[in-house]
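Breakdown of the fold
Now for the letters of each chain:
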Amino acid sequence: MQAFIQLKNILPKPLESRIEPSDIWQKELVLEQGKVYQIISASGKGKSTFCHILYGMRKDYKGELILEGKSSNVLDWTFWRAQKMSVIFQDLRLFNHLSAWENILVKVALGTHFSETEIKAMMEKLGISHLAKQKVETLSYGERQRVAIVRALVQPFQVLIADEPFSHLDAENTKIAAKLIHEVCQKNKATLLITSLGADTFPFALDKTLKLA
Amino acid sequence: MKQKIFRHTLGRKNSWSVLAFSALSFILGMVALLFALQFYVDVKTAFTPQKDEEKLSYLIVSKEIGLMNTLTGARANFSTLELEDIKTKDFIHRVGDFKTNQFEVWTTGNHLFPIKTELFFESVPTDMLDVQSDLWRWKEGDVQVPVLLSKDFLSLYNFGYALVRGLPQVPASMATLAPAFQTEIYSAKGKKSIQLKLVGFTERIPSILVPAEFMDWANKELGSAETAQPSRLLLEVKDPANPDLIRFLQEKNYVVRQDAIEAAKVVETARWLLSILGAVGVLFMLLSAVLMLTQTQNLMLKVQAEIKLLLLLGYAVRDILLYLWSRFVLGMIVYTLLALGVFIYFYPKLLAVLAEKGLALTLNLSMMPYLVSLAFLAFSLLWGYASIRWQIKQQQ
């Protein structure tokens with residue numbers, strides 16, 4: 001497998017003063033294509049910060065991030081976010097005034113390999129198809145989380161960053177959502193990075209577990 | 001589909017009050033600009049009508065006649081040096097000499113103007129006259145001599161002499177049809193009989209003008225052979241209100257016909273007023289532009305979270321920019337059309353009100369206000385583009 005993502009001694013500047021030993025910060029790390037990585041740590045150790053760095057949202061770090069051989073500083077992030085890298089934000093980041101279906105269309109408009117029927121089937125699997133026309137602001141957090149999962153899965157991607165994607169789901173729904181994520185990632189031959197508080201969240205084979213602290 | 005997404009995500013937060021205020025500020029600015037510019041054009045045309053402008057471009061100057069001239073009989077002539085000096089000034093386009101007769105003239109009139117009087121003649125270069133006539137030519141041997149009379153003289157005759165003497169008043173058109181004046185010119189050197197044929201009336205030069213060819217010939221035949229220095233000059237100037245010209249004439253103590261100076265002062269004052277009007281127009285434009293920018297920023301601030309999220313989800317700056325700017329352009333065009341409508345409807349009403357107050361201005365069709373408004377629109381569109389782009393980039 002080729003080195004899809006390389007991290008060279010990455011250290012977020014806000015963590016400089018309180019750095020603890022970890023598998024990620026200030027390490028040379030290679031994330032290979034098609035593999036599943038789980039990042040675990042307690043709250044406040046920088047899981048979301050790591051996700052944001054990977055997704056090009058934060059620049060306040062030392063070290064270097066290389067994606068497909070290109071430095072993140074010169075990367076066409078618009079193209080990457082539309083075609084190569086997808087994300088499930090911990091804080092979801094949905095358009096609350098839009099319906100669940102419209103939120104998913106925001107990604108579909110940039111291109112998708114899925115038909116409308118397939119997308120609706122995904123919603124059906126996650127138990128939110130009946131909420132399609134409802135405004136997101138009227139949904140529960142768990143329901144919103146499932147909308148965010150579908151939105152992340154419909155676009156073409158080679159990397160999926162999932163930041164605590166099941167934090168508001170019960171065990172049954174977590175299992176269903178994890179299965180769907182696993183399926184789509186396998187179909188796309190995508191690298192999956194999934195963060196969680198504990199080690200037992202993702203019920204599928206992991207290639208590596210990285211501890212942040 | 002992207003357009004639909006943009007409409008749903010970014011278009012929703014357009015508050016009508018903000019939009020209305022934004023529209024109002026732009027329309028008011030544009031209307032004010034159009035009014036100021038059209039008013040400028042109309043006032044300018046009213047203050048510098050073609051005829052006056054032509055008249056003002058010729059100034060008759062002489063030297064001040066003092067007591068010494070009366071006592072010694074010395075003529076207040078321009079010396080060669082003074083003439084050379086005047087000719088070097090760049091605010092004076094051309095200098096024409098007045099030549100005077102060095103002999104005596106006695107006319108016995110005709111049946112229409114039964115006057116017997118002594119006369120004087122002056123001549124100026126033909127191409128500096130305001131009257132063009134085919135009859136204005138003379139060559140040696142011609143008995144008939146064309147003459148141009150100041151229009152003021154005809155008025156003096158009609159409203160002074162003719163009334164007092166109970167003679168009929170004569171309109172200018174008839175006067176030129178009258179038979180020639182039987183006239184004698186004479187001096188110690190001899191006497192000649194000529195016929196003066198009135199060919200027109202001049203408004204530019206208050207004198208009795210004959211062709212320079214006749215003057216030269218008669219002065220040679222009857223006058224002293226030496227060439228006299230001119231005592232009056234006809235200056236062709238580009239701008240009679242030019243402060244350098246006025247200063248020069250004052251410094252040299254040259255006398256200019258008062259009405260020319262007064263007219264120049266009026267034009268100068270009008271120029272000041274017009275500059276103020278122009279400045280007001282520009283001020284309105286700038287205020288309007290600032291208001292527009294503020295309003296655009298206000299609208300952008302309302303959707304900055306949505307823009308940020310769209311960028312995070314993989315939307316290109318270019319696409320968002322084009323969507324927001326195209327709406328901006330559409331708005332601007334609608335506002336501009338509205339402003340034009342207001343201007344075209346209300347401007348003639350303003351002129352009507354001013355006419356009632358005693359300031360009669362005519363609407364002059366000029367492209368200038370429209371072109372400036374168009375430039376303002378283009379500037380606003382570019383400014384809008386830059387402003388929207390900058391604000392989107394801020395969210396990256």
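Report follows, based on the coordinates.

Rules behind the numbers
- Residues numbered from 1 in each chain as written.
- Chains lettered and ligands numbered in written order.
- Predicted model: local features only at pLDDT ≥ 70, side-chain atom pairs only at ≥ 80, totals over all residues.
- Heavy atoms only, no water.
- Pairing = 2+ DSSP bridges.
- Helix = DSSP H or I, 4+ residues; strand = E, 2+ residues; numbered from the N terminus.
- Axes fitted to C-alpha atoms, helices over the stretch in contact; angles between N-to-C directions.
- Phe/Tyr/Trp six-rings, centres within 6.5 Å; stacked < 30°, edge-to-face > 60°.
- Buried < 20%, exposed > 50% of the residue type's maximum accessible area, 1.4 Å probe, protein only.
- Lys NZ or Arg CZ within 6 Å of the ring centre and 35° of its normal.
- Core = buried A, V, L, I, M, F, W, Y, C linked by side-chain atoms within 4.5 Å.
- Contact = heavy atoms within 4.5 Å.

Bringing the sheet that holds strand β6 (residues 85-88) of chain A into the picture now. Residue and element names in this part refer to chain A. Spatially, β6-β7-β8-β3-β9 is the arrangement adopted by the five strands of the open sheet, whose pairing is parallel. Every interior strand has two partners, whereas the edge strands, β6 and β9 (208-211), have only one. Across this sheet, the average inter-strand angle for adjacent strands is 15°, counted without regard to direction. Relative to β9, strand β3 (residues 36-40) is paired through four bridges, and the arrangement is parallel. By the bridge assignment for β9, I40 is matched with K211.

Before going further, it helps to examine the packing of aromatic side chains. One pass over the structure, following the stated rule, counts 21 aromatic pairs over all chains. On the numbers, 4.9 Å between centres and 90° between planes, the contact of Y345(B) with F346(B) is edge-to-face. By relative accessible area, F346(B) is classed as partly exposed at 42%. Through a chain of ring-to-ring contacts, three or more aromatic side chains come together here, namely F35(B), F343(B), Y347(B) and Y370(B). Stacked on the ring of W80(A), the Lys or Arg K84(A) has its end atom at 5.3 Å from the ring centre. Over the ring of Y345(B) we find K349(B), and its NZ or CZ is 4.8 Å from the ring centre.

Residues and elements named next belong to chain A. With respect to burial, helix α1 (residues 47-54) is a largely interior element, eight of its eight residues being buried. Those residues of α1 not exposed but buried are K47, S48, T49, F50, C51, H52, I53 and L54. Among the residues trailing α1, G56 stands out with phi positive, at a value near 75°.

Bringing the nonpolar core into the picture now. I320(B) and I392(B) are the most contacted members of the largest nonpolar core, which has 92 residues in total. By residue number, the principal contributor to this core is helix α12 (residues 317-356) of chain B, which donates 14 residues. If near-sequence neighbours (up to four positions away) are discounted, I320(B) is found in contact with F6(B), L10(B), I307(B), L310(B), L311(B), Y315(B) and I392(B). I39(A), Y61(A), W77(A) and V159(A) belong to the second-largest nonpolar core, a separate cluster that totals 32 residues.

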